[in-house]
2 protein chains.
Amino acid sequence: MTLDERKRQILQSIIKDYVETAEPVGSRAVVRKHDLKISAATVRNEMADLEEMGYLEQPHTSAGRIPSERGFRYYVDCMMENETLSEEQLEDLRKAITSSVRDLDQVIAQIAQFLSQITRYTSFVIVPSVSATQFRYLQLISLNPGQALIILVTDLGVIMHRKIDIPLSVTNEDLENIGSLFNKVFASRRLDELRRTDLRALREELYQRRNVIDTALDALELLLQSSKEERVVVSGVLNLLNEPEFKDLEKLRRFLSLLEEEGAIKNRLPQDIGDNVNITIGRENPEDMKDMSVVMAGYKTFGEMGKIGVIGPVRMEYWRAAGTVEAVRDLLKETFY
Amino acid sequence: MTLDERKRQILQSIIKDYVETAEPVGSRAVVRKHDLKISAATVRNEMADLEEMGYLEQPHTSAGRIPSERGFRYYVDCMMENETLSEEQLEDLRKAITSSVRDLDQVIAQIAQFLSQITRYTSFVIVPSVSATQFRYLQLISLNPGQALIILVTDLGVIMHRKIDIPLSVTNEDLENIGSLFNKVFASRRLDELRRTDLRALREELYQRRNVIDTALDALELLLQSSKEERVVVSGVLNLLNEPEFKDLEKLRRFLSLLEEEGAIKNRLPQDIGDNVNITIGRENPEDMKDMSVVMAGYKTFGEMGKIGVIGPVRMEYWRAAGTVEAVRDLLKETFY
DNA sequence: GTTAGCACTCGACAGCCAAGAGTGCTAACA
DNA sequence: TGTTAGCACTCTTGGCTGTCGAGTGCTAAC
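Okay, so let's go over this structure.

Reading the values: the criteria
Residues numbered from 1 in each chain as written. Chains lettered and ligands numbered in written order. Predicted model: local features only at pLDDT ≥ 70, side-chain atom pairs only at ≥ 80, totals over all residues. Heavy atoms only, no water. Helix = DSSP H or I, 4+ residues; strand = E, 2+ residues; numbered from the N terminus. Buried < 20%, exposed > 50% of the residue type's maximum accessible area, 1.4 Å probe, protein only. Areas by Shrake-Rupley, 256 points an atom, 1.4 Å probe, with all protein chains shown as cover. Contact = heavy atoms within 4.5 Å. Buried area = accessible area lost by both parts, 1.4 Å probe. Salt bridge = Lys/Arg side-chain N within 4 Å of Asp/Glu carboxyl O. Near = heavy atom within 4 Å. Polar contact = N/O pair within 3.5 Å; in protein donor to acceptor, adjacent residues only side chain to side chain. Nonpolar A, V, L, I, M, F, W, Y, C, P; charged D, E, K, R; others polar. Expected span 1.5 Å × (residues − 1). Pairing = 2+ DSSP bridges. Least-squares fit on C-alpha atoms with pLDDT ≥ 70 in both. Phe/Tyr/Trp six-rings, centres within 6.5 Å; stacked < 30°, edge-to-face > 60°. Lys NZ or Arg CZ within 6 Å of the ring centre and 35° of its normal. Axes fitted to C-alpha atoms, helices over the stretch in contact; angles between N-to-C directions. Left-handed = near helix turned anticlockwise from the far one by under 90°.

## Things to note about the overall build of chain A
Item 1. Along chain A, the regular secondary structure elements total twelve helices and ten strands.
Item 2. Buried positions account for 51% of the 337 residues belonging to chain A.
Item 3. Of the roughly 16,100 Å² that chain A leaves accessible, carbon and sulfur atoms contribute 45%.

Written as structure tokens, this is what we have:
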């Protein structure tokens, strides 16, 4: 399975050219463009070998060769060197991430945008649920007669809130009392430990307002439920249009509706990848992403694993994508946790 | 400028057919499909007249005719009857809007989604700034040593928040004091009246914590600033792909990058339309939307004007789009405000 | 083992032709 | 005077053909 130096060089040249031009590359072109010290005929022999080994394929007789998925896989595994980001780009990103005034949602959006801008592919950021974090603060605020707002703050500064309907007779004071009761009972509990059963006592203590408490608990439960969902942010979908493989509208539509479908990408990504940079090429992905490649990495925030990555055509600049994803992951690593 | 009954009927038939098929429609087809009681030859004469008047045009000799933008304009102004929604659809929407547990952002997303789903075009919802609403509540919550969260609630239940850095020496008690001071000073003020100058007094009252107050004020200012921005939600971009006019990738890309550009659509929509249903066709729009049509309506929430609408090709089912937009506007009218 | 030469293959592209859809015009008709 | 049938004409569409060029595989010479 190991290739000699010349074959490796030829494979690499073909990959680079093909990724750049999206056209099959011929023997003559490869020699000329990369200043190889051998003749086109020799290259042809080597290419025939590489094809037999499954690293190249020919769309039809008398076209040039294109790298097969297996060829890309070999390149990625055995030859690739990640391209590094410029100091300037890193600085930009660092600024976006650490600016403490912005909240989590915005930071995530920024990261996704950064990834897609630098790589020119479609990027995604998956943020783990916040359920494992700690409860910091709960507040009930009256809005109009009959409506109140329940606000829940976790120690990461994540805020969840929801409107609830309350009886007209409930006073501001009532709300305050109930709120401080909640706080007392829940102080510094982990969100995933909050269970309705823990709240019996609370309910009995303020019996005459139990319907308010019940409503609040319902709302709380809904909030907790939604906090369990990972969030997925996608950016740079437009970049797809630059790739000639998407001149086929049907393909484009299929992929776009995949992206639009709630949770669809998330489920189609490899699981349990740790925090390494992981690359899946073409048919290594699930059926409906079989002509895309994914370059992704895990990152850890507050004990949970999230994922970042980019999605592009199989004919992808893996070296650049992997370098960028890696750099972003490292930055997340040193910033969060 | 007024057409006789037969011309109107022919124009209408051609519009309906063309909108449906996206192909030029010929005289024979029109007679057959719409059971007109006249012959194709007569229709040909009428069509020639309509063309001369500018309501139809011919892509080339010996193709059928297609409605010109002026033809669509005439139809929309003088002949169109809005299609009404089914009771069922209205009920769905009403439920989505009024479910009081969901917050504003979600309701908006729902409305946009509803619009795009029913019309099968791309929809947008522009939400006016909340700056004119009243301040209800402000809270400072400590997160970690050195970090706090400032939360601002308006009486509509809109929540704005931001992390701030604070000196390590600031205690929870300090935060509480500052918070209640803010509340005292601002109680029930309109957001657009909050000005830094009003806060002199406050700053002096807690002189030893003035740096915290300043930080909080900075954050507050940023929040108010962002609250002044209208939000724009777009939904159903995918629907574009169904329209044959977007088989041209270049066109598609241009429009998509328009959508991605912050505030771009907003600036390209007609201003000051009141709450009527307003239709702009093709070149009536700004240059870079000159082959799109927009059907939109204004709606009033809490004293400010917002907009809802759909964007599609010139070859649009105006009757359906207008009916839907109108229905949603009416529902918003009776629900909000 | 490498290279040059050469015949062969196949896709891309332009040109051509036939079919079909639709028109405009004219003459006949009510 | 408005309506209709007939007919010649126009223009697009799709299929077919032949040419061109890129690229290959094979063979023989180095």
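## So, the interface of chain A and chain B
Item 1. Opposite the 34 residues of chain A that make contact, chain B presents 34 residues.
Item 2. Each partner contributes to the roughly 3,300 Å² buried at the junction of chain A and chain B, and carbon and sulfur atoms together form 59% of this total.
Item 3. Its largest share of buried area at the contact with chain B, chain A owes to A:K163, A:L238 and A:L241, together 17% of the area lost on that side.
Item 4. Scanning the region where chain A abuts chain B turns up zero salt bridges.

## Observations regarding the protein's contact with DNA strand D
Item 1. Taken together, 19 residues lie around DNA strand D, and A:S27, B:R6, B:T42, B:H60 and B:S62 are the ones closest in.
Item 2. Backbone sugar and phosphate groups make up 77% of those atoms of DNA strand D lying within 4 Å of the protein.
Item 3. Between a phosphate oxygen of DNA strand D and a side-chain N or O atom of A:R65, the distance comes to 3.1 Å.
Item 4. Residue classes in the surface near DNA strand D are distributed as four nonpolar, eleven polar and four charged.

## Observations concerning helix 3 (residues 40–53) of chain A
Residues and elements named next belong to chain A.
Item 1. When the terminal C-alpha atoms of helix 3 are compared, their 20 Å separation across 14 residues agrees well with the 20 Å that a helix rising 1.5 Å per residue should span.
Item 2. The inward-facing, buried residues of helix 3 contact helix 1 (5–21), helix 2 (27–34) and strand 1 (56–57).
Item 3. Taken from the residues just after helix 3, G54 is the one with a positive phi, measuring 95 degrees.

## A short note on the pairing of strand 3 (residues 122–127) of chain A
All names here are of chain A.
Item 1. Of all six residues making up strand 3, six are buried, and the element is well covered by its neighbours.
Item 2. Burial along strand 3 is two-sided: the residues T122, F124 and I126 and S123, V125 and V127 are all buried.
Item 3. Looking at chain direction, strand 3 and strand 10 (residues 304–313) are connected through five bridges and run antiparallel. When the sheet's bridge partners are listed, F124 is paired in strand 10 with G309.
Item 4. As judged from the five bridges shared by strand 3 and strand 7 (residues 231–235), these two strands associate in the antiparallel manner. Across the sheet, residue S123 finds its bridge partner in strand 7, namely S235.

## Section: the relation of the copies chain A and chain B
Item 1. Mapping chain A onto chain B calls for a screw motion: a turn of 180 degrees about the axis and a shift of 0.0 Å along it, with 0.1 Å RMSD after fitting. On this basis, the relationship between the two copies can be described by a two-fold rotation axis. For chain A, the residue whose C-alpha comes nearest the rotation axis is A:L249, separated from it by 4.2 Å.

## Considering the packing of aromatic side chains
Residue and element names in this part refer to chain A.
Item 1. In the structure shown here, the tally under the stated rule is eight aromatic pairs over all chains.
Item 2. Considering the side-chain rings of Y75 and W319, the 6.0 Å spacing of their centres and the 85 degrees angle between planes classify their relative orientation as edge-to-face. Here Y75 is found in helix 4 (residues 69–79), whereas its partner W319 is found in helix 12 (residues 318–335), with 244 residues between them in sequence. Take Y75 and W319: they sit in the same class, and that class is buried.
Item 3. Above the ring of W319, the side-chain terminus of K16 is found at 3.9 Å from the ring centroid.

## Regarding the packing of helix 1 (residues 5–21) of chain B against helix 4 (residues 69–79) of chain B
All names here are of chain B.
Item 1. Their axes nearest at 11 Å, the elements helix 1 and helix 4 cross at an angle of 115 degrees. For the element pair helix 1 and helix 4, the recorded crossing hand is left-handed. Residues R8, L11, Q12, I15, K16, Y18 and V19 of helix 1 pack against G71, F72, Y74, Y75, C78 and M79 of helix 4.

## As for the sheet that holds strand 3 (residues 122–127) of chain B
All names here are of chain B.
Item 1. Reading across from one edge, 7-3-10-9-8 is the order of the five strands in this open sheet, with antiparallel pairing throughout. Bordering the open sheet on either side are strand 7 (231–235) and strand 8 (277–281), each of which pairs with just one other strand. Across this sheet, the average inter-strand angle for adjacent strands is 20 degrees, counted without regard to direction.
Item 2. Contacts between helix 12 (residues 318–335) and the sheet are confined to strand 8, strand 9 (292–301) and strand 10 (304–313), with strand 9 contributing the most and set at about 10 degrees to the helix.

## A closer look at the environment of A:T98
Item 1. Along the polypeptide, A:T98 turns up in helix 5 (residues 87–98).
Item 2. Residues A:T98 and A:A264, spaced 166 residues apart in sequence, show a C-alpha to C-alpha distance of 30 Å.

## Considerations on the pattern of salt bridges
Residues and elements named next belong to chain A.
Item 1. This structure, assessed with the given rule, holds 42 salt bridges over all chains.
Item 2. With a closest N to O distance of 3.0 Å, E91 and R94 form a salt bridge. Note that E91 and R94 are positioned in helix 5 at a spacing of three residues, about one turn of the helix.
Item 3. Taking relative accessible area as the criterion, E91 reaches 34% and is therefore assigned partly exposed.

## Some details on the protein's contact with DNA strand C
Item 1. With respect to spatial proximity, 19 residues lie near DNA strand C, and among them A:R6, A:T42, A:S62, B:S27 and B:R65 are the closest.
Item 2. Per the 4 Å cut-off to the protein, sugar and phosphate atoms form 76% of the nearby atoms of DNA strand C.
Item 3. One nitrogen or oxygen atom from the side chain of B:S27 is found 2.6 Å from a phosphate oxygen belonging to DNA strand C.
Item 4. The side chain of B:R65 places a nitrogen or oxygen atom 2.9 Å from a phosphate oxygen of DNA strand C.
Item 5. Only helix 3 of chain A together with helix 3 (40–53) of chain B provide two or more residues apiece to the surface near DNA strand C.
Item 6. When residues of the surface near DNA strand C are assigned to their parent elements, the largest contribution, four residues, is made by helix 3 of chain A.
Item 7. Split by residue class, the surface near DNA strand C holds four nonpolar, eleven polar and four charged.

## Description of the environment of B:G236
All names here are of chain B.
Item 1. Along the chain, G236 turns up in the loop between strand 7 and helix 10 (249–260).
Item 2. Residue G236 is classed as buried on the basis of its relative accessible area, which comes to 12%.
Item 3. The sequence separation of G236 and E87 amounts to 149 residues, and the corresponding C-alpha distance is 23 Å.
Item 4. Excluding anything up to four places from it in sequence, G236 contacts S116, Y121 and T122.

## With respect to the pairing of strand 6 (residues 159–165) of chain B
Side-chain positions along a regular strand alternate between the two faces of the sheet.
All names here are of chain B.
Item 1. Among the seven residues in strand 6, five count as buried, and that is most of the element.
Item 2. Examined bridge by bridge, strand 5 (residues 147–154) and strand 6 share seven bridges and lie antiparallel to one another. Within the sheet, the bridge partner assigned to A148 lies in strand 6 and is I164.

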